[in-house]
Amino acid sequence: MRIFVAGATGAVGRRLVPLLVAAGHEVTGGTRTPQGAERLCAQGASAVRVDVFDADSVHRAVAAAAPETVVHQLTDLAHGDRAANGRIRREGTRHLVDAAKRAGVTRIVAQSISWAYAPGDAPADESTPLDVAAEPPRAGMVGSLRALEEAAAEIETHVVLRYGTFYGPGTWYARGGPLEAALRGEQATGNPATGDPAVRDPVTGGPVAGDPVAALIGPVVAGDAVSSFVHVEDAARAAVAALDWPSGTVNVVDDEPAPARAWLPAFAAAVGAPAPVPAVDGGRAGWERGADNTRARRLGWRPLHPTWRTGFTTL
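Everything numeric here is computed off the predicted structure, so don't read it as measured data.

1. So, the sheet that holds strand β3 (residues 46–49)
Moving on, step 1. Ordered in space as β3-β2-β1-β4-β5-β6-β12, the 7 strands form an open sheet in which the pairing is parallel. A single partner strand is all that each edge strand has here, and the edge strands are β3 and β12 (248–252). Within this sheet the neighbouring strands show an average axis-to-axis angle of 20 degrees, counted without direction.
Moving on, step 2. Note: strand β1 (residues 2–6) against strand β4 (residues 69–72), 4 bridges, orientation parallel. Its bridge partner lying in β4, I3 is registered against T69.
Moving on, step 3. Those strands touched by helix α8 (residues 232–241) are β5 (107–113), β6 (157–163) and β12, and its axis lies near 165 degrees from that of β6.

Right under this line is the structure:
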């Protein structure tokens, strides 16, 4: 199958491309940088430089690849800018879907997230609506995801992967990553998913106070907020499997949604960081509920890391 991977050098993309090549697919990866192009060629894929905010650039890249399937793994978290990530979900996805339709593409697999569901007491399944009543700033994130998923649905066969929080090499939840730095009370040193350096003050050249990359993780509090995780390798494997799935949304998360009071001390122990202080009052927003992976398992996906408890030990 001819496949165009947008975001081919990100945390998921860099693991996804070798899996697709090994499965015999003809892969073209989109990237912003010459270094990304070199990486893709070394992995056995073709590479194309593309600016996802330039509609003509995206149209040219997709047309040249002439794919049967587009895999959308675009994010923009290098500098911890929520607005930039929202823009890429809205504008980048719009350009990618328009280019795919013009090229006659009939299948898309798109990256979404599993913590945009409406509030509730139990892990959310795919029938749970998105949190469209959320207040800012969460409202902006939910709105951008809704735009992404609605655009993807314009393609005949559309699979939206609502991923859990990524952990593992190349993510923020990894040894040497921003979460470890936050646990140590240190400044994050950059974005491990892209290799970008930490945000720097344009005048002094020093770290920006309250590094926004680390800030995106949120408060490092061992309370009752529930998260669902997925190892980045399992996320890539799900994208490969989704090439054969029917249209719809699928939660791609491990088997054990857990409160921070359970998983955060385990993460700290795995990376040798100080244990977090337990939250005094617990505290859980209604949307901090985790997600259910029953549908993904019924479709045949089996995570290599079924729980963060064992997955964290591989960091």
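2. Points about unusual backbone geometry
Moving on, step 1. The amide bond that connects P136 to the next residue, P137, takes the cis arrangement and shows omega of 5 degrees.
Moving on, step 2. Summarising the element assignment, P137 is placed in the loop between β5 and α5 (138–152).

3. Remarks on the pattern of salt bridges
Moving on, step 1. Evaluated as defined, the whole model comprises 15 salt bridges.
Moving on, step 2. Residue R94 pairs with E154 through a salt bridge whose shortest N-O separation is 2.7 Å. One end of the pair, R94, is in helix α4 (residues 82–102); the other, E154, is in the loop between α5 and β6, with 60 residues separating them in the sequence.
Moving on, step 3. By relative accessible area, R94 is classed as partly exposed at 28%.
Moving on, step 4. Owing to a relative accessible area of 36%, E154 belongs among the partly exposed residues under this scheme.
Moving on, step 5. The shortest N-O distance in the salt bridge between D255 and R297 comes to 2.9 Å. Highlighted residues: D255 in the loop between β12 and β13 (258–259) and R297 in helix α10 (residues 294–298), separated in sequence by 42 residues.

4. Observations regarding the packing of α4 against α5
Moving on, step 1. At a minimum axis distance of 8 Å, the contact between α4 and α5 shows a crossing angle of 10 degrees. One element, α4, and the other, α5, form an angle in the roughly parallel class. Residues G86, R89, R90, T93, R94 and V97 of α4 form the contact with α5, whose own contacting residues are G140, M141, G143, S144, L145, A147, L148, A151 and A152.
Moving on, step 2. Classifying every residue of the contact of α4 with α5 by side-chain character gives 7 nonpolar, 5 polar and 3 charged.

Here is what the cut-offs are and how they apply
- Residues numbered from 1 in each chain as written.
- Predicted model: local features only at pLDDT ≥ 70, side-chain atom pairs only at ≥ 80, totals over all residues.
- Heavy atoms only, no water.
- Pairing = 2+ DSSP bridges.
- Helix = DSSP H or I, 4+ residues; strand = E, 2+ residues; numbered from the N terminus.
- Axes fitted to C-alpha atoms, helices over the stretch in contact; angles between N-to-C directions.
- Contact = heavy atoms within 4.5 Å.
- Salt bridge = Lys/Arg side-chain N within 4 Å of Asp/Glu carboxyl O.
- Buried < 20%, exposed > 50% of the residue type's maximum accessible area, 1.4 Å probe, protein only.
- Parallel < 35°, antiparallel > 145°, perpendicular 65-115°, else oblique.
- Nonpolar A, V, L, I, M, F, W, Y, C, P; charged D, E, K, R; others polar.

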